Amino acid sequence: MEQEGPLFILGVFFVLGIVALTVVAVLQNKPLPENLKYGIVLDAGSSHTSVYIYRWPAEKENDTGVVQQVEECKVEGNGISSYHEKPVEAGLSLQACMNKARDIIPVSKHKETPVYLGATAGMRLLRLTNSRVADEVLASVENTLRSSPFDFQGARIITGQEEGAYGWITINYLLGNFIHSSPWFNIMPNSKEGTSGALDLGGASTQITFVSDENIESQDNSLRFRLYGKSYNVYTHSFLCYGKDQALRLQLANTMTGQNITLLDPCFNSGYMRNVSTADLYSSPCVSGLRILTAPQTIQIQGTGNYQLCKNKVQTIFNVSHCSYSRCSFNGIFQPGLQGEFGAFSAFYFVMDFLKLTKEKVSLDSVKDTVERHCSKPWAEVKRESGRIKEKYLSEYCFSGVYILSLLDLYGFNSSSWEDITFLGKIHGSDAGWTLGYMLNLTNMIPAELPPSPPLSHGGYVGLMVFFSVFLLFILLTCWLTFRKPKCLQKGII
Ligand SMILES: Nc1nc2c(ncn2[C@@H]2O[C@H](COP(=O)(O)OP(=O)(O)O)[C@@H](O)[C@H]2O)c(=O)[nH]1
Ligand SMILES: [Ca+2]
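Throughout this document, residue positions are counted from 1 along each chain, in the order its sequence is written. Whichever chain is written first becomes A and whichever ligand is written first becomes 1, with later ones labelled in order. Two thresholds apply to this predicted model, a pLDDT of at least 70 for residue-level local features and 80 or more for giving and counting side-chain atom pairs, whereas whole-chain, interface and lining totals are computed over all residues. To get the side-chain values, all heavy atoms of the structure are used, and hydrogens and water are removed first.

Quick word on the site of ligand 1
- Neighbouring residues of ligand 1: 17 residues in total, closest Ser46, Ser47, Thr120, Ala204 and Tyr397.
- As used in this structure description, the phrase polar contact means that two N or O atoms lie within 3.5 Å; if the pair is within protein, one of them must be able to donate a hydrogen and the other to accept it, and residues adjacent in sequence are counted only when both atoms belong to side chains. Side-chain polar atom of Ser47 to an oxygen atom of ligand 1: 2.6 Å apart, as the coordinates give it.
- Between Gly203 and ligand 1, the recorded distance is 2.9 Å, taken from a backbone N or O atom to an oxygen atom.
- For the area figures, the Shrake-Rupley method with a 1.4 Å probe applies, and any residue is considered shielded solely by the protein chains shown. Considering ligand 1 on its own, with 590 Å² of exposed area, one finds that the protein chains cover 90% of that surface.
- Of all the secondary structure elements, the ones that give two or more residues to the shell around ligand 1 are α7 (244-255) and α10 (347-354).
- Lys, Arg, Asp and Glu make up the charged group, whereas Ala, Val, Leu, Ile, Met, Phe, Trp, Tyr, Cys and Pro make up the nonpolar group; the residues left over, Gly among them, are polar. Across the shell around ligand 1, the residue classes break down as six nonpolar, eight polar and three charged. Nearness is judged by heavy atoms alone; a residue qualifies as near a molecule or strand once a single heavy atom is within 4 Å of it. Put simply, DSSP marks the helices as runs of H or I at least four residues long and the strands as runs of E at least two long, and each gets a number from the N terminus on.

Quick word on the UniProt feature "transmembrane region" (unreviewed entry) in the chain
- As recorded in UniProt, the sites labelled "transmembrane region" (unreviewed entry) are residues 6-27 and 461-483.
- Along residues 6-27, the helical share is 100% and the strand share 0%, with 31 Å between the first and last C-alpha atoms.
- For residues 461-483, the end-to-end C-alpha separation is 33 Å, with 100% helix and 0% strand making up the annotated structure. UniProt positions are given in the numbering used here, feature names are shortened, and annotations may be inferred rather than shown by experiment.

Re the sheet that holds strand β1 (residues 36-44)
- Pairing is mixed across the open sheet formed by five strands, whose spatial order is β3-β2-β1-β4-β5. Among the strands making up the open sheet, the edge pair consists of β3 (68-74) and β5 (151-157). Averaged over all pairs of adjacent strands, the angle between strand axes in this sheet comes to 15 degrees, irrespective of strand direction.
- Throughout, a residue-residue contact means that at least one pair of heavy atoms, one from each residue, lies within 4.5 Å. Inter-axis angles, ranging from 0 to 180 degrees, are taken between N-to-C directions of lines fitted to C-alpha atoms, where helices are fitted over the stretch in contact. The strands touched by helix α3 (residues 95-104) are β1, β2 (49-57), β3 and β4 (114-119); relative to β3, the strand with the most contacts, the crossing angle is about 150 degrees. Strand pairing requires that DSSP identify at least two bridges connecting the strands.

Here we look at the side chain of Arg124
- Within the element layout of this structure, Arg124 appears in helix α4 (residues 121-129).
- Residue Arg124 is classed as buried on the basis of its relative accessible area, which comes to 8%.
- A polar contact of 2.9 Å, which involves the side chain of Arg124, links it to the backbone oxygen of Ile158.
- The contact partners of Arg124, leaving out residues within four places of it in the chain, are Ile157, Ile158, Thr159, Gly160, Glu163, Ser205, Ser238 and Leu240. Only protein chains enter the accessibility calculation, which uses a 1.4 Å probe; a residue whose area is less than 20% of its type maximum is buried, one above 50% is exposed, and one in between is partly exposed.

Laid out in structure tokens, this is it:
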């Protein structure tokens, strides 16, 4: 009886000690209050410029998947390369979106917020045509960005290889494909985590990028990455002039004849008409080599809306007659066999979304049927059904649908591998595209090796501490109840 008292007090102190330890440990490891950081990337595309604003918690910046897009501001007007006759206006066109960025990002963060401008194929083409004017346009946008309160980090024309690579990094970062399961529970340390291939269709170029286990026969198409402790052999190619706007020019230039001022085109819906200035058509370096000197100043396109005839015309812009490698996609460009899943974004998504082909997996045959049905619709019916869509976009869905099918076919997507393609607009609220990957790389937020991380999250840690405390308490209580002498056996009672 008498030794029960001290044991009981001991037990109480023991329990208090456990509780105190748990509380201190939990408070000690409580995540710090979030300190948010921002970044701005301008995507100066051939058809338009978009200003993306990203945000992330500073203390987690080396983790994967923590950066989020908080805003996309679409700049009024066309791409910056369209200001080749008045370069100063290129910079002025960005002002409204940069002012919006000032309002969105806290003033206290302005000075530390990096801003990058990357120009893509529209400026690559302008540089080919007139590099001095291209420099003047870049100088103009640089002026505007330098005058902003942010930390200007440069305005440049990125290469097609960069555009492909950063698009691949963006979608795999957002899909969480760089995350490794915790080393504690990863029973297969070399387990093959898959990444997704990236398919980007712009107006002036298109990119294909994916991990390949095959030998990449052309060095220009081979990239090696070391990200979060894993190495990747990546194939990438950017086809300049094969964005959908330039491809349409190629198709038109290919069917131009010297005399006719009317061009019957099966890639436009029947009843649709469009006047095209031949000077404008041939102003692109993509088609200047196809110029017909006797072509009239203006031609009138008249749609006849025929899928099969359109497909035959579109196929004339691809050269599949020569390949000096073991295998090519088109125009003599090496491409290994397709591997894994693919995310298709930008104009791939815009077109397929209009045709209602992005929600669930659709077979290649039903995609072809949908495009064929759309092409055979009279223009008046198309306008009636979707009149609120910009005519420039609405009039080109037949061509674009046929073009996408032809392009993906040349990449090697057949009826079974077509199912591996997902058409992506945004992933967890962030646009699929090269800009996020570009910023992650330039701000060194993608470490080559896995950053040291506690094997458990804060919640897991707390849960474990509480579990073991209760478990110890249970053990203690059981010992006390088991070894305490029952009353009836105690001396003096019987
Ligand atoms: N249908 C449709 N097309 C769009 C939309 N926004 C952009 N596009 C088209 O998508 C393509 C985007 O290309 P862009 O990124 O500017 O050109 P890049 O420099 O070659 O990457 C262009 O052909 C645009 O006309 C949209 O909302 N709807
Ligand atoms: Ca683009």
